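Tertiary structure, described
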Amino acid sequence: MKIPHRLNLTEEQLPTQWYNLRADMKEQPDPMLNPVTFQPIRTEELYPIFCEELAAQETNCSTQWFDIPDEVMEIYKAYRPSPLNRAYDLERYLKTPAHIYFKFEGNNTSGSHKLNSAVAQAYYAKKQGLTSLTTETGAGQWGTALAEACAYFGMDLTVYMVKGSYEQKPYRREIIRTFGANVIPSPSNTTKVGQAILAANPDTSGSLGCAISEAIEKATSTQGCRYVLGSVLNQVVLHQSIIGLEAKRAMEMLGEYPDIVIGCAGGGSNLAGLIAPFMQDKLLGKKNPHFIAVEPASCPSLTRGRYAYDYCDTGKVTPLARMYTLGSGFIPSKNHAGGLRYHGMSPIISKLYHDGWLDEARAVEQTHVFDAAVTFAKVETILPAPESSHAIRVAIDEAIKCRETGEAKTILFGLTGTGYFDMAAYSAYNEGKMTDYIPTDEDLEPGFASLPKIPGIQE
Ligand SMILES: *Cc1c(COP(=O)(O)O)cnc(C)c1O
């Protein structure tokens, strides 16, 4: 059979359930801890932050499949199934015998996979009778996705946008406002934690962790309001499993199975979603694909972080999660343009990596990432997001290895989004002004020093 350039499942073939990877893990991620008592958190304790169904999903390690609600399926059908593409042109360009596939999540207005979870989170909040949500956004994709979802379900939304992005990405900010959300540059004077951060550091360009603290404070101090987060959490990993489920089904129809699965990793949600059903095969001893997480050398949580309990935010108000982390006090270098700048990593991904199920993590430098992005754009005619281009980089590297060894491996990577709002970064690259930054061990020390001390657990 000649494999088509692009396979779209039909609407009827869209998965109707999300897959919960935890149900098949040999060992569970360590439980989240209450940040005051340091006891494992109970589902009810999450209710002030998350709506009830999402809190239940967050702590559920045993239910293997969750039905996707009809209302969520309705919007999924507007932009899913997403295509699985065979990168024939890239293969020819690289003269590789490898079969390269990518699952493309950029075909919706938000421009990334984040809509998959935004829709679910807005729906459950609406169903509970809540009226508003808060969140943070860094590069802006999550804010856009959630603004779309909130507009659809008629929820009010306040987005704390990292100040640096707010200033550098006016059009991204404007899309979020167009969908009806209120966008506030973070740190701001609208919260106590924002005021404190500004007092200590008036010129700060902000960070994701700081914006999270503000969004949580706003949610917990507003009637009928909850906080939602676009990555890292177990519930987000669950929703993103739709990516892998579709990809696996499409590959099965083509008679293919990946030898290597590659995803970029910021908070780990697209990676976890993409690998989910393939990881299930590995956990159940059916198949043995090689999994690679790709992260920026300037924010290397998996490759150089500690596997430790840490706060998910700079303000230290969230529950503690055990994950690979650079410390909630870590602030990435200013010249880092490529996204994926969160200090921690999904506890599920962290545990799988720690236990050796996720085979490999690679840190790549941003000029090499943009080399790959531009090559890909030219031959495949898709402008990739810088984040996604981390996965492209490693897919190309692996395909070149196949050229050298003559092995025709099947490679699958996640193309998480498009790069239309990242033209400042592309411009720096095109003008030869982009530089690489690899933190020294000393640079990482202050972040590690910010890790919490927990009596009896983490001294
Ligand atoms: C947010 C984002 C990522 C990183 O988030 P994960 O939770 O690690 O998946 C990757 N690519 C794009 C396009 C994004 O918007």
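Going by the structure above, here's the rest.
The structure presented is a predicted model; accordingly, all values stated were derived computationally and were not measured.

Helix and strand counts for the protein come out as 17 helices and 15 strands. Taken over the C-alpha trace, the protein has a radius of gyration of 21 Å; the compact-globule value for 459 residues is 23 Å, and the two agree within 12%. Overall size of the protein, expressed as C-alpha extent along the three principal axes, is 60 × 50 × 50 Å. Considering the protein as a whole, with its 459 residues, one finds that 63% of them fall into the buried category. Looking at the protein alone, contacts between residues at least 24 apart form 76% of all its contacts between residues at least 6 apart. On the protein, the mean spot of the 42 positive side-chain charges and the mean spot of the 52 negative ones are 2 Å from each other.

Before going further, it helps to examine the pairing of strand β5 (residues 99-104). The two faces of a sheet get side chains in turn, since along a regular strand they alternate between them. With five of six residues buried, β5 lies mostly within the body of the structure. When β5 meets strand β15 (residues 410-415), the two strands line up parallel, connected through six bridges. Each residue of the ladder has a partner; that of K103, found in β15, is G414.

What follows concerns the packing of helix α10 (residues 234-253) against helix α11 (residues 269-283). One way to put it is that α10 packs onto α11 with a least axis distance of 6 Å and a crossing angle of 60°. Taken together, α10 and α11 sit at an angle that is classed as oblique. Crossing hand, α10 versus α11: right-handed. Facing α10, whose interface residues are V236, V237, Q240, S241, I243, G244, L245, A247 and K248, α11 presents S269, N270, A272, G273, L274, A276, P277, F278 and D281.

With 15 residues, helix α14 (residues 366-380) extends 20 Å between its outermost C-alpha atoms, agreeing within 8% with the 21 Å of an ideal straight helix rising 1.5 Å per residue. Across the 15 residues that make up α14, a large majority, 11, are buried. On its buried face, α14 sits against α3 (88-94), β5, β14 (360-364), α15 (386-405), β15 and α16 (423-430).

Here we take up the pattern of salt bridges. Where side chains of opposite charge bring their charged atoms close, a pairing between them can arise. Under the criterion given, the structure shown has 24 salt bridges. The shortest N-O distance in the salt bridge between R42 and E45 comes to 3.8 Å. Three or more residues joined by partner-sharing salt bridges are found here, namely R80, K103, E105 and E246.

Here the focus is the site of the ligand. In the vicinity of the ligand lie 17 residues, with K114, S231, S269, N270 and T416 positioned nearest. The side chain of H113 places a nitrogen or oxygen atom 3.1 Å from an oxygen atom of the ligand. A distance of 2.5 Å separates an oxygen atom of the ligand from a polar atom in the side chain of K114. Coverage of the ligand by the protein chains reaches 94% of its 390 Å² of free accessible surface. Residue composition of the shell around the ligand, by class: four nonpolar, 11 polar and two charged.

Burial of nonpolar side chains together is a common tendency in soluble globular proteins. Judged by nonpolar contacts, the single largest core of 77 residues is most densely connected at W18, Y76 and L412. In this structure, L94, I262, A395 and F413 belong to the second largest nonpolar core, which totals 36 residues.

Calculation rules
- Residues numbered from 1 in each chain as written.
- Predicted model: local features only at pLDDT ≥ 70, side-chain atom pairs only at ≥ 80, totals over all residues.
- Heavy atoms only, no water.
- Helix = DSSP H or I, 4+ residues; strand = E, 2+ residues; numbered from the N terminus.
- Rg over C-alpha atoms; globule rule 2.2 N^0.38 Å.
- Buried < 20%, exposed > 50% of the residue type's maximum accessible area, 1.4 Å probe, protein only.
- Contact = heavy atoms within 4.5 Å.
- Lys, Arg positive; Asp, Glu negative; His and termini not counted.
- Charge placed at Lys NZ, Arg CZ, Asp CG, Glu CD.
- Pairing = 2+ DSSP bridges.
- Axes fitted to C-alpha atoms, helices over the stretch in contact; angles between N-to-C directions.
- Parallel < 35°, antiparallel > 145°, perpendicular 65-115°, else oblique.
- Left-handed = near helix turned anticlockwise from the far one by under 90°.
- Expected span 1.5 Å × (residues − 1).
- Salt bridge = Lys/Arg side-chain N within 4 Å of Asp/Glu carboxyl O.
- Near = heavy atom within 4 Å.
- Polar contact = N/O pair within 3.5 Å; in protein donor to acceptor, adjacent residues only side chain to side chain.
- Areas by Shrake-Rupley, 256 points an atom, 1.4 Å probe, with all protein chains shown as cover.
- Nonpolar A, V, L, I, M, F, W, Y, C, P; charged D, E, K, R; others polar.
- Core = buried A, V, L, I, M, F, W, Y, C linked by side-chain atoms within 4.5 Å.

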